[in-house]
Amino acid sequence: MSDQLNASVVGGKSFTAVAINCASKAGEWIKTKLGNYASLDIKYSSHDLVTEIDKGSERLIKNLVMTHFPHHSFLGEEGVEPGPKASAKALEDKLDAEYLWIVDPIDGTTNFVHGFPFFCVSIALAHKGDVIVGVVYDPVKDELFVAEKGKGAYVHGKRMSVSSEETLRGSLVATGLPADHHYALPVNLKGIAAVAPQVRNLRIAGSAALHMAYVAAGRLSGFWEIGLSSWDLAAGALLIQESGGIVTDTNGKPYDLSVRNVMASNGRIQDELIAALAAANANE
Ligand code: IPD
Ligand code: CA
Ligand code: CA
């Protein structure tokens, strides 16, 4: 048995079992609070929201992870100062950790606040910078997406694989409207203007991690967005890779934890999507 596998059963709980337990406990709690949060704060801009439920979800997950793996490092969105610079720096400071849990306690807070049922909990575990477990849980649909590096990706125990579209013309693609209106939003809007006429249709549903899980499940052909953070992407990236898709940055560089401008797809439309953004000067 490898060191990594030995380490994964410390205290009798596998990394994946703990990640699933955290995501489902947090998700169930979040669902009970839908339409019922007490405080709404603004973070980086008036488009960047946080509630006490985001913070409570992160606390719950962190406590559970630390109970099982007290020597592991933890990077959660709500433990970091708002804004793109602070999130990049927070990751950089922890990249040397042997085991790093990367958590978005609610991805899709704006949807949660408005009662729009498209948000999730995203939990990833990286070993020496490499994501080895990824879990995305949608509490509204009770859908649990799980991937283990080298072992495939599953939704409700069913193996996932990416979709088979070969061209943009037949593809359903998703993107986001970033909270950073100085840099990321204008670039993404240029991309939207360029891509929308070329694809079958475009979706902007408000949760990057859930969009990534949908690419893995073959429900979307691709997803891109400018200016995301490690906690938006880490779990979803492994889900897609383990479902046969490709994740790079918007210039085609292979995914790693520091990627902020993401391009993810079934692989077949990856080059066409990157070229569409490049032609519009919308890839960074
Ligand atoms: C946001 C969502 C949204 C994306 C934003 C993210 P949050 O995360 O993933 O879809 O467009 O860029 O910041 O703030 O809900 O965790
Ligand atoms: Ca997020
Ligand atoms: Ca969040």
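The structure displayed is predicted, hence computed values, not measured ones.

Conventions we followed
Residues numbered from 1 in each chain as written. Chains lettered and ligands numbered in written order. Predicted model: local features only at pLDDT ≥ 70, side-chain atom pairs only at ≥ 80, totals over all residues. Heavy atoms only, no water. Domains from an automatic or database assignment. Contact = heavy atoms within 4.5 Å. Salt bridge = Lys/Arg side-chain N within 4 Å of Asp/Glu carboxyl O. Polar contact = N/O pair within 3.5 Å; in protein donor to acceptor, adjacent residues only side chain to side chain. Helix = DSSP H or I, 4+ residues; strand = E, 2+ residues; numbered from the N terminus. Donors = N, O, S within 2.8 Å, 3.2 Å for Na, K, Ca; no water. Buried < 20%, exposed > 50% of the residue type's maximum accessible area, 1.4 Å probe, protein only. Pairing = 2+ DSSP bridges. Expected span 1.5 Å × (residues − 1). Axes fitted to C-alpha atoms, helices over the stretch in contact; angles between N-to-C directions.

1. Topic: the domain arrangement of the chain
Segmentation of the chain into domains returns domain 1 (3-159) and domain 2 (168-279). A separation of 20 Å is found between the C-alpha centroids of domain 1 and domain 2. In this assembly, 47 residues from domain 1 lie in contact with 30 residues from domain 2. Viewed at the interface, domain 2 and domain 1 are joined by one salt bridge. Note that R219 and E143 form a salt bridge whose closest N and O atoms lie 2.7 Å from each other. In this assembly, domain 1 and domain 2 are joined by 10 residue pairs in polar contact (both at pLDDT 80 or more). Within the residue set of the side of domain 1 that touches domain 2, elements represented by two or more residues are β3 (73-76), α4 (84-94), β4 (99-107), β5 (120-127), β6 (130-138), β7 (143-148) and β8 (152-155). In terms of residue count, the dominant contributor to the side of domain 1 that touches domain 2 is β6 (seven residues).

2. Points about the coordination of the calcium ion (ligand 3)
Between any two of four tetrahedral donors, the ideal angle at the metal is 109.5 degrees; between two of six octahedral donors, it is 90 or 180 degrees. For the calcium ion (ligand 3), the protein coordination sphere consists of E77 (OE), D104 (OD) and I106 (O), at 2.2 to 2.3 Å. Sequence positions of the donors to the calcium ion (ligand 3) reduce to the motif E-x26-D-x1-I. Here the calcium ion (ligand 2) and the calcium ion (ligand 3) are spaced 3.8 Å from one another, each receiving a donor from D104. Of this pair, E77 sits in the loop between β3 and α4 while D104 sits in strand β4; the two residues are 27 residues apart in sequence, bridging distant segments of the chain. A single burial state applies to E77 and to D104, both of which are buried.

3. Looking at the environment of G108
By the element assignment, G108 lies in the loop between β4 and α5 (109-114). Residues G108 and S163, 55 residues apart in the sequence, show an inter-C-alpha distance of 24 Å. For G108, the residues in contact, after removing those within four places along its chain, are F118, F119, G206 and S207.

4. Quick look at unusual backbone geometry
One non-glycine residue, K128, lies in the positive phi region at around 50°. Residue placement: K128 occurs in the loop between β5 and β6. Look at N281: it is not a glycine, yet its phi comes out positive at around 55°. As for its position among the elements, N281 is in the segment after α9 (270-279). Judged by relative accessible area, which is 54%, N281 ranks as exposed.

5. Focus: the pairing of β5
β5 sits mainly inside the fold: eight of its eight residues count as buried. Of the two faces of β5, the one holding C120, S122, A124 and A126 and the one holding V121, I123, L125 and H127 are both buried throughout. Note that β4 and β5 share seven bridges and pair antiparallel. When the bridges of β5 are listed, D107 appears paired with C120. Connecting β5 to the antiparallel partner β6 that follows it, the hairpin turn spans two residues, and K128 within it adopts a positive phi of roughly 50°.

6. Some details on helix α6 (residues 184-195)
Its 12 residues give α6 an end-to-end C-alpha distance of 16 Å, which sits within 8% of 16 Å, the value for a rise of 1.5 Å per residue. The inward-facing, buried residues of α6 contact β11 (201-203), β12 (222-225) and α9.

7. So, the sheet that holds strand β14 (residues 262-265)
Ordered by their spatial adjacency, five strands build an open sheet running β11-β10-β12-β14-β13, and the pairing between neighbours is mixed. A strand with exactly one partner marks an edge of an open sheet, and here the two such strands are β11 and β13 (246-249). For this sheet the average axis-to-axis angle between neighbouring strands, irrespective of direction, equals 20°. Packed on one face of the sheet, α6 meets β11 and β12 and runs near 150° to β12. Of the strands in this sheet, β10 (172-174), β12, β13 and β14 touch α9, which is tilted by about 150° from β14.

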